[in-house]
Amino acid sequence: MSFLVRCPQCGNRSVYEFRFGGEVKQRPGPGAPDLDWAHYTYTKVNEAGVQREWWFHRSGCRQWFQALRNTLTNEVQDSFFPEEST
Amino acid sequence: MSEPSETLTFQFNGQPVTASVGDTIASALYRSGQRIFSRSFKYHRPRGLLCLSGKCPNCLMNVDGTPNVRTCTTRALAGMKVTHQNAYPSLENDFLSVVQRFDWLMPVGWYYKTMTNPRVWHAAEPFIRRIAGLGVAPSLDNVNGNYEHSYRHTEVAIVGGGPAGMASAIELATQGEQVALIDDQPALGGHLRYSRSPDTSPADLVARVRALPNIQVLQGRYCFGLYEGNLLGVVQPRKEPKDAERLIHLRAGRVVVATGAYESSLLFPNNDLVGIMLSTAVQRLIRLHGIAPGKVAVVIGRSPREESVVADLREAGIQVAATVAPESVVKALGRQCVTGVQTRDGQYACDLVVMCGHRIPDAGLLNQAGARLQWDARKGAFIPTDFPPSIRAVGEVTGESLIAAAILPPERDPASKRAFVCLCSDVSSQDLVNAIDEGFDHIETLKRYTTTTMGPCQGRMCQLPAIGVCARQTSRSMGDTGVTTSRPPNPGVTLGALAGARHHPTRRTPMHYEHDASGAVWLDMGEWKRPRYYQPQKGADEKFCVEAEYRAVRERVGLIDVSTLGKLDIKGRDVGNLLDKIYAGQLSDLRLGRVRYGVLCDEAGIMLDDGTVSRLADDHFFVTTTTGNLDFVNQWMKWWLVGTGWDVYITNVTSGLAAVNLAGPNAREVLTPLTDCDLSTTAFPYMACRTAQVAGIEAILMRIGFVGETGWEIHFPAEFGPDLWKALLDAGRRFDIRPFGIEAQRLLRLEKRHVIVAVDSDALTNPYEAGMSWAPKLDKEDFIGRAALHRLAGEQPRQKLAGFIMNEDILPEDGAAIMVDGQLAGRVTSVRFSPLKKKAIGLAWVPAEQAHEGAEVDVRVAGRLARARITEQAFYDPEGTRLRT
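Quick caveat, the model's predicted, so the values are computed rather than measured. Throughout, a residue's number is its position along its own chain's written sequence, starting from 1. Whichever chain is written first is A, and whichever ligand is written first is 1; the rest continue in order. Predicted model: local features are reported for residues with pLDDT of at least 70 only, side-chain atom pairs are reported and counted for 80 or more only, and whole-chain, interface and lining totals are derived from all residues.

> I'm lost on the overall build of chain B in this one. Help?
The helix count covers DSSP runs of H or I at least four residues long, the strand count covers runs of E at least two residues long, and both are numbered beginning at the N terminus. If you tally the helices and strands in chain B, you get 22 helices and 46 strands. Along the longest, intermediate and shortest principal axes, the C-alpha atoms of chain B span 110 × 65 × 55 Å. The exposure scheme places C-beta atoms from the backbone and then counts, for each residue, the other C-beta atoms within 10 Å of its own, assigning buried at 20 or more, exposed at 12 or fewer, and partly exposed in between. Here chain B holds 885 residues, and the buried ones make up 47% of them. Residue pairs qualify as contacts under a 7 Å threshold applied to their C-beta atoms, which are placed from the backbone. In chain B, the proportion of contacts linking residues at least 24 apart, taken out of those at least 6 apart, comes to 65%.

> Would you explain the overall build of chain A in this entry?
Each helix and strand counted, chain A has 2 helices and 6 strands in total. Its helices and strands taken in sequence order, chain A reads β-β-β-α-β-β-β-α from the N to the C terminus. For chain A, the spread of C-alpha atoms along the three principal axes comes to 40 × 25 × 20 Å. Out of the 86 residues belonging to chain A, those deemed buried represent 14%.

> I'm lost on the environment of B:T474 in this one. Help?
Residues and elements named next belong to chain B. Relative to the helices and strands, T474 is located in helix α11 (residues 463–474). Taking the C-alpha atoms as reference, T474 lies 27 Å from A332; in sequence the two are 142 residues apart. Ignoring anything within four residues of it in the chain, the contact list for T474 reads I436 and D441.

> Sorry if this is basic, but what is going on with the nonpolar core here?
In a soluble, globular protein the nonpolar side chains are often hidden away together inside. All names here are of chain B. The nonpolar core is taken to be a set of buried Ala, Val, Leu, Ile, Met, Phe, Trp, Tyr and Cys residues joined by way of C-beta atoms within 7 Å. Grouped together as the largest cluster of nonpolar side chains are 138 residues, with contacts concentrated most on V353 and V354. In terms of residues, this core owes the most to one element, strand β13 (residues 244–257), which gives 7 residues. Domain assignment of the residues forming this core places at least three in each of domain 1 (7–105) and domain 2 (266–356). Sequence-distant contacts of V353, defined by excluding residues within four places in its chain, comprise G275, I276, V298, I300, A332, V338 and V341. Throughout, the edges of the domains are those of an automatic or database domain assignment.

> Sorry, what's going on with the sheet that holds strand β19 (residues 338–343) of chain B here?
Strand-to-strand pairing in sheets goes through backbone hydrogen bonds, with the strands running parallel or antiparallel. All names here are of chain B. Read across the open sheet, the 3 strands follow the order β18-β19-β20; overall the sheet is antiparallel. Two strands lie at the open edges of the sheet, namely β18 (329–334) and β20 (347–349), each paired on one side alone. The sheet shows a mean angle of 20° between the axes of neighbouring strands, taken without regard to direction. For β19 and β20, the ladder comprises 3 bridges, and the chain directions are antiparallel. In the sheet register, Q342 faces β20, and the bridge partner there is Q347. Pairing between two strands requires that DSSP report at least two bridges joining them. Every angle, taken between N-to-C directions, lies between 0 and 180 degrees, and every axis is a line fitted to C-alpha atoms, over only the stretch in contact when it is a helix.

> Honestly, the confidence of the model for chain B in this entry has me stumped. Any pointers?
Any region with low pLDDT has predicted coordinates that should not be read closely. Per-residue confidence for chain B averages 94 on the pLDDT scale, and 99% of its residues sit at or above 70. For this predicted complex, the interface confidence score (ipTM) comes to 0.96, while the overall pTM stands at 0.86. Confidence of the predictor at the level of single residues is given by pLDDT, which spans 0 to 100.

> Any chance you could explain the interface of chain B and chain A here in plain terms?
Interface size, as often reported, equals the accessible area lost upon joining of the parts. With 18 residues of chain B in contact, the opposing surface of chain A contributes 16 residues. Among the elements of the structure, β11 (222–227), β12 (231–236), α17 (630–641) and α21 (786–793) of chain B are those that each provide at least two residues to the side of chain B that touches chain A. Residue polarity follows a fixed list, in which Ala, Val, Leu, Ile, Met, Phe, Trp, Tyr, Cys and Pro are nonpolar, Asp, Glu, Lys and Arg are charged, and the others, Gly among them, are polar. Looking at the side of chain B that touches chain A, its residues break down into 7 nonpolar, 5 polar and 6 charged.

> Got a minute to help me understand the environment of B:K567 in this structure?
Tracing the sequence through the fold places B:K567 in strand β31 (residues 566–571). When near neighbours in sequence (up to four residues on either side) are disregarded, B:K567 contacts B:T624, B:V653, B:T654, B:L657 and B:H715.

> Just checking my understanding: could you explain the domain arrangement of chain B for this structure?
Residues and elements named next belong to chain B. Domain parsing of chain B yields domain 1 (7–105), domain 2 (266–356), domain 3 (512–564 + 656–748), domain 4 (566–652) and domain 5 (798–885). The centre of domain 1, based on its C-alpha atoms, is set 21 Å off from the matching centre of domain 2. Of all the elements in the fold, those that place two or more residues in the side of domain 1 that touches domain 2 are α1 (25–31) and β4 (46–47). Element by element, the count of residues in the side of domain 1 that touches domain 2 is highest for α1, at 3 residues.

Structural data, given as structure tokens:
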């Protein structure tokens, strides 16, 4: 039925409170070859394991953040605002 | 034995049945003399009580309109209306039991073998649905009762209130943990309540559980699934018919599974006759309900269990004709009810057969949590192992104190057409053997081909015997044969409980009740209510009303409520950067007091939304979105802001502002007396915006024209919605102003060929195909979708959104097919009758070769093809002079 996602601001909440934003990808720069853009737009790694993802706390603080989620167990190992991670 | 004290009455098939307080529906019916409780799914064989613990499919009935209720675990309540299922005219005389004589027509997998052609299936479907089945689903407007959800948290959840569960609860609670103890029985105690175990009484454990304040007992609630993050799905049945059935989402830090072991059937011919019961069911009838379920019994079982069962029977005054080992049973005798047992040593007459069946650890929840099941031949059971860190098991579910009930895999050839493995869908051991011979020799393919373990019992009765037959026929061990996967929900849950309460939030615009007073006919748009059109007199014809509204806008002046538009107030030094990044057009160079139309695409160049962008100050923009896309656009903007460090503040002001569009040749004359703002075209041209007072109310005015006439979109504080609406209608009275609805607006914009994103476009539409090649500004260095749009700009689209007008006087439907040379070539996205052209006009996707002025295509209308002519220009005022004057 549902797993828990840890919002860096609100803590552990039901996944139903969130919108999933997909894998975190590096957007090509202007003028990058079409192939890079096609890869960025259409290809997903769909990692069987820990993957870095975008999440939006729709029913909470309404912030985008990133999470490390194990796609095999749906365990969210860590989450953070990307500005604060680097 | 408990003495019946108080009584109550419910109805069974229209007849009153008396029950003691504490009776289940099944125990009360059994006491009243009912022996047949259901007819089987396929062969309509009579079935009676078997498990009395909600684990088998034999007692499913319709209770107060809800089908497939397990009557053996459902408390009898006064006034309940209970009816049987899947039998006509009665359970005792079911005409369809003749089906079992034709079992040779229905070999295993006969669905797959017979229904190989859609026509055969469509011909057979109504008949099959009538004769095979599991009751009738209630109709939508006859859904039984209320449903609700609740959410709970606990440090530890313990599933099962037997001795092991209670001991675990006491231990953890004494250590200071907060414990939720879930038990599906009417009282704590588990098997101690009915089994013969003189050394322990549940009373002491129950008293200690009750004395600990940090144990919360969820009595009479059953757990149907254990999900990720230790979430337990728990159903709380109704205590009174007027109660809501409640689904509890119970989130636990740790879970202790103490579900014990249940008993399942033994395999021999005619093992499904009425009067053949599991030993635990007999013990429950005797000890919990004070019913002796027969006069003369044969006990099938091995020592030592069979000895305690014999003692129980004797104590209840039931004569024991024989005790026989499972391996020596040849078959049970009888037509409907059992009359005897034939063994290799002789024949015994009886009216009750007690099976000391396989004891199976109830490990479904553990399996769902990721535990493996491992075969243990000595215990005769698959034992759960390898638990995830926060899950523990205690008691019989771990396999402790289990002893094999019969030899598995069976030593003799198990094949018989009347030895039922699966009671839910009448699969015999012969069916399994045949399926294995046909090549379905893996336990998972065998399951899917024969539907064994896929019925209401979800494998509880049939899984172990099926594995046994499969192992025997394929000469594998039980462990190598393996088990099928357990998935929630088990036991079954009503769809109503999963769906919960019927909450349909409704959003009303600030002028809602003004529209109501004007005779609005409502349209649901997402959560919003919007006037589709207005009926000046009750019962007025839609076409007449819409055309009157249309004429008011084209000839005089009209007023429409557009409060549902998404409205974003965006402030900050870097708003221009953000808008340039996410809109395909250039917006940072928008001059103060000007409005620009914006199209928003994704990285693939697909159009996601459109709207207007107004600049109210250097660092202050006002953005509108389509009604349904507000949340998406708001989130989209915030997403692309992450990590930029830009100074941008987005405020959603959708509910805070009301909005109207005043449009028509007389719009200026209506608005002028209400505002100090100079509305002349020189001072306030097309695509300009101003902030000013209108009727004393602070407002943003935008001169834009979706409907193609001189007009102003006015945004103002929601609390003044009705005031400004009335003020504008009052000021417009001398021009016979009319409020207009969505229908008129759609017609007016269609004559202007204005596209509505997500009505005329879809999830694959780019601006070049939609005829908006002017929208993307590819000279911008970067924006979302630039790379894809740059590529698309250099390609010839395969299809285009084109305007069309019908040659003859006929109105196709939205979505009608477009045909070229007899081939399907596109579809109509919007079509309306144009009072201007006196013909149906619209927008349609057509092949690019056809998308030029004068080309002709066919439109499918009312079962035939009608010619339509493609037009490139707007149908009304193509130069847009009316907008600009």
